[in-house]
Amino acid sequence: MSTLGEELISNERVALTELVKNSYDADASLVLIRFNPPLGEGQGSIEVWDDGHGMSPDTVRGTWMEIATPHRHRNHRSESGGRRVLGAKGIGRFAAARLAHVTTITTRRVNEPEVTLRINWGNFTQGDAYLDEVPVTWSTASPSVFAVGGEAERNFAEVVRGFQTASAGASVGHGTVARLEKLRMPWGPDAVEALKRSLSRLLPPPPPAELSVPDQPEFAIYVDTPDGPLRHHAGFVAASETLAHPLYRLVGTVDAVGNAHLAIYASGDEPVEVVEENLRKDSGRPSCGPLKLDFRVWDLEKSALEPLFHIDTGSKNLTEVRKLIRDNSGVALYRDGFRVQPFGEPGYDWLGFDQRRVNNPTMRLSNNQVAGFVYISADENPGLQDRSHREGLIDSPEYEELKTVILQAISKLEIQRYKLRRPESTVKTTSQLLVSPPQAGGHGVFQSFNLDPLRQVATERYPNDVVLGRAIEEATATINEGVRKVQEIISQFSRLATLGTLVDVVLHDGRTALARIAFDLRRLRKITGKVEVHDTDLSGALGELHTDFTAQERALDRLFTRIEPLSGRQRGRPRELSLHQSISEAVSVLESEIAKHGVIVTIGGEDVTVTAEPGDIRTLVLNLVNNAVYWLSTTPSGTEREILIETERAQEGEADVVDITVSDSGPGVREEIKDLIFDTYFSDKPDGIGLGLSIAGSVVKDFYDGDLWLVSPGALSGASFRARLRRRVG
């Protein structure tokens, strides 16, 4: 019983939520959670009242007091038929053991006696008695609590006075109250506030009309707190007003085969983009089933939050506005209109938003600036099953597909947000080299390096002081130029250092491991020789193992040799080399990925000889081919997946240039992001970092005075990138 009760529930908020879910399944329209002082450990009590249909003596004896009954498996709908029940395993009621040492339940069904049940959970942890030997006190009597003029009527009347709810004037001849006595933890203001926050997300805020989410049954939760520090926490549980005012919003549906219809909004009633696309990228994985999405997103900078401060959200300053957003952040999952725990709890980052943001802080969203609502159903999403402890879903292929589809959708919103936040000064045409650092004054770390606030104050206070105005303008120009140079230097070094540093680490740790493996293989050979005298079968098995491990060790050694030119330490003097040979060596690094996705790579054109550093060519080709392989992998199975790499010597004016063009037969670059793809940290991949094209472009520009651009149309039907080398091409 301890395992099913207090040990299975992670915290008291989840335990109370389980009791509220029981009330929901009982067709209650109102749940009253009352805190009775003193609210210290081993003291006080919490009462959970509901006006549901209650239980008869037979139900208490035959269902409630039986563990894991199949009642909910046989009856997926509540008694009224209007609700898809939330309980399924028959153990949620034992969550009461997490909250208090003693539970007293009083319940009544219409035209039935009133039943009172008292359980001391400590009796189940003492001695070696079997369940049927543990005393449980219960009795039936004429109605008194759930009767006209009874305690239930008085409590509900006090709560609904002045509010229009289904309970106002409803019959009081039925319902249930669970009195949780001798609390296991103290309840202070922070704990009660956290509970209300958690309960506020049990039912989602009103969804947008276009989602066609069924109307929620009328279901209200009221928290009643005693006089004193907790009193101002009393009231109905409701979604925060902040949720109604997102800066960005994504609303839409995804059907069972992955076809999405998504609308993206940005501070307006009209969508800035409508996405019609298939979001399933792995057709071999089982479908998660259809889902509906409502994501609300905020930027947390001062300028973005100021409009919210003037809305009645209960915030006194911008710090409190940020806290409200963070308190309501997280992606909640609703099955048949009720939240699945712990999805949606602040800090429960089940989609990995924060890790994505670490990899790409410029573009990706963090978990604390997103309030998401995902709607599924038990009937249409059967592969999404609860864990036994009622928190989270079983880690199944369907669950992985659910996360993948949601991240594909949210990446569409991230792209639009990036475009809207991107300074106009960074917009370039695709015929230009799109790898230069952002101009001063753009968003990011350098945004605060300007004198605009000082200029504004000086203009207001000293409008006629020409000398002061000129001095500020000169200082502004100096700062902007300095910032531009610093940006350029940092950008150049970061781009060139990122890949080289990573390869350095891989080579160092990998070579160290290989040395240890080689030593162990020598020992294994000696042991094999000694064992052969006594056990030829064992010696033979060890010999096969040695042969296999040796082959793998050599394969790793070859791989490290291939990527060694990419190391930051390995850059040497340029030398004459064959472009086709260098390209072939670069492609071989991706051999396993290319084979995995069934991609055909062709190297064509003139085999040009250039004077170059081999690592530069490999860096360029690796990034372009790696991108091509990824986008080809998203095409439907059975589609021809091709990459064509062409080289040629050409004329640009009177000078010789060398072109390397990488084309693929994938989906191509969407028109609306063609001006963005060369931005550092911009990526159209859901988990992309956005450095590949930037690194490739910086190599071409910095060492060969070249350009990298998108070719349209290309040799194949998908994307086509051309790198032009102007220096060292003889």
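The structure under discussion appears in the preceding block.
To start, this report covers the structure provided alongside it. (Residues numbered from 1 in each chain as written. Predicted model: local features only at pLDDT ≥ 70, side-chain atom pairs only at ≥ 80, totals over all residues. Heavy atoms only, no water.)

Helices and strands together make up the secondary structure of the protein chain, namely 17 helices and 22 strands. The proportion of buried residues among the 730 residues of the protein chain is 49%. Put simply, of all contacts in the protein chain between residues at least 6 apart along the chain, 72% involve residues at least 24 apart. Counting only carbon and sulfur atoms, one obtains 52% of the accessible surface of the protein chain, whose full area is about 34,500 Å². (Helix = DSSP H or I, 4+ residues; strand = E, 2+ residues; numbered from the N terminus. Buried < 20%, exposed > 50% of the residue type's maximum accessible area, 1.4 Å probe, protein only. Contact = heavy atoms within 4.5 Å. Areas by Shrake-Rupley, 256 points an atom, 1.4 Å probe, with all protein chains shown as cover.)

All right, on to the side chain of Lys 685 then. Along the chain, Lys 685 falls in the loop between strand S20 (655–664) and helix H17 (692–704). Although Lys 685 is buried, it forms no salt bridge, and the closest oppositely charged side chain is Glu 593 at an N-O distance of 9.6 Å. Here Asn 627 takes part through its side chain, which lies 2.9 Å from a polar atom of the side chain of Lys 685. (Lys, Arg positive; Asp, Glu negative; His and termini not counted. Salt bridge = Lys/Arg side-chain N within 4 Å of Asp/Glu carboxyl O. Polar contact = N/O pair within 3.5 Å; in protein donor to acceptor, adjacent residues only side chain to side chain.)

So, on to helix H8 (residues 318–327). Residue pairs spaced three or four apart in an α-helix point in one direction, given the helix's 3.6 residues per turn. All buried positions along H8 are accounted for by Leu 318, Val 321, Arg 322, Ile 325 and Asp 327. For H8, the secondary structure elements touched by its buried residues are helix H6 (189–200) and helix H7 (302–309).

In this section: the packing of helix H1 (residues 12–25) against H6. Closest axis-to-axis distance for the H1/H6 pair is 10 Å, and the angle between their directions is 45 degrees. Between H1 and H6, the interaxial angle falls into the category oblique. The hand of the H1/H6 crossing is right-handed. For the pair formed by H1 and H6, the contact residues are Arg 13, Leu 16, Thr 17 and Val 20 on the first element and Ala 194, Leu 195, Ser 198 and Leu 199 on the second. (Axes fitted to C-alpha atoms, helices over the stretch in contact; angles between N-to-C directions. Parallel < 35°, antiparallel > 145°, perpendicular 65-115°, else oblique. Left-handed = near helix turned anticlockwise from the far one by under 90°.)

Looking now at the pattern of salt bridges. Considering all chains together, one arrives at 35 salt bridges under this definition. As a salt-bridge pair, Arg 231 and Asp 227 come within 3.8 Å of each other at their nearest N and O atoms.

The geometry of helix H14 (residues 579–589) relative to helix H16 (residues 614–633) is characterised by a closest axis approach of 9 Å and an angle of 50 degrees between their N-to-C directions. Comparing the axis directions of H14 and H16 gives the class oblique. Once H14 is placed against H16, the crossing between them reads as right-handed. Here Leu 579, Ser 582, Ile 583, Glu 585, Ala 586, Val 587 and Val 589 of H14 come into contact with H16, specifically with Ile 617, Arg 618, Val 621 and Leu 622. Of the residues assigned to the contact of H14 with H16, the class counts are 8 nonpolar, 1 polar and 2 charged. (Nonpolar A, V, L, I, M, F, W, Y, C, P; charged D, E, K, R; others polar.)

All right, on to unusual backbone geometry then. Cis geometry is found at the peptide bond from Pro 37 to Pro 38, where omega equals 0 degrees. With omega at -5 degrees, the peptide bond leading from Ser 712 into Pro 713 counts as cis. Looking at where Pro 713 falls in the secondary structure, it is placed in the loop between strand S21 (707–710) and strand S22 (720–725). For Asn 111, which is not a glycine, the phi torsion comes out positive at approximately 65 degrees. Under the relative-accessibility criterion, Asn 111 is labelled exposed at 69%. For Asp 705, which is not a glycine, the phi torsion comes out positive at approximately 50 degrees. Note on placement: Asp 705 falls in the loop between H17 and S21.

We now examine the sheet that holds strand S14 (residues 338–339). Judged by pairing direction, the sheet is mixed, and its 7 strands sit side by side in the order S11-S10-S9-S12-S15-S13-S14 without closing on themselves. Only two strands of the sheet have a single neighbouring strand rather than two, namely strand S11 (273–278) and S14. Relative to S11, strand S10 (residues 259–266) is paired through 6 bridges, and the arrangement is antiparallel. Pairing of Ala 260 across the sheet is with Glu 277, part of S11. (Pairing = 2+ DSSP bridges.)

Relative to the elements of secondary structure, Lys 196 occurs in helix H6. Here Lys 196 is buried and forms no salt bridge, its nearest opposite-charge partner Glu 193 lying at an N-O distance of 5.6 Å. A polar contact is formed between the side chain of Lys 196 and the backbone oxygen of His 233, at a distance of 2.7 Å. Not counting residues within four places of it along the chain, the set of residues in contact with Lys 196 comprises Val 223, His 233, Ala 234, Gly 235, Phe 236 and Val 237.

Before going further, it helps to spend a moment on the nonpolar core. Ile 643, Ile 645 and Phe 721 are the most contacted members of the largest nonpolar core, which has 47 residues in total. For this core, the element with the most residues is H16, which contributes 9 residues. What Ile 645 contacts, discounting residues up to four positions off in sequence, is Ile 583, Val 587, Val 601, Thr 602, Ile 603, Gly 604, Val 621, Val 625, Ile 660, Thr 661 and Val 662. By size, the runner-up hydrophobic cluster in this structure holds 42 residues, among which are Leu 19, Ala 28, Ile 46 and Ala 178. (Core = buried A, V, L, I, M, F, W, Y, C linked by side-chain atoms within 4.5 Å.)

All quantities given are derived from atomic positions and should not be read as evidence of function.
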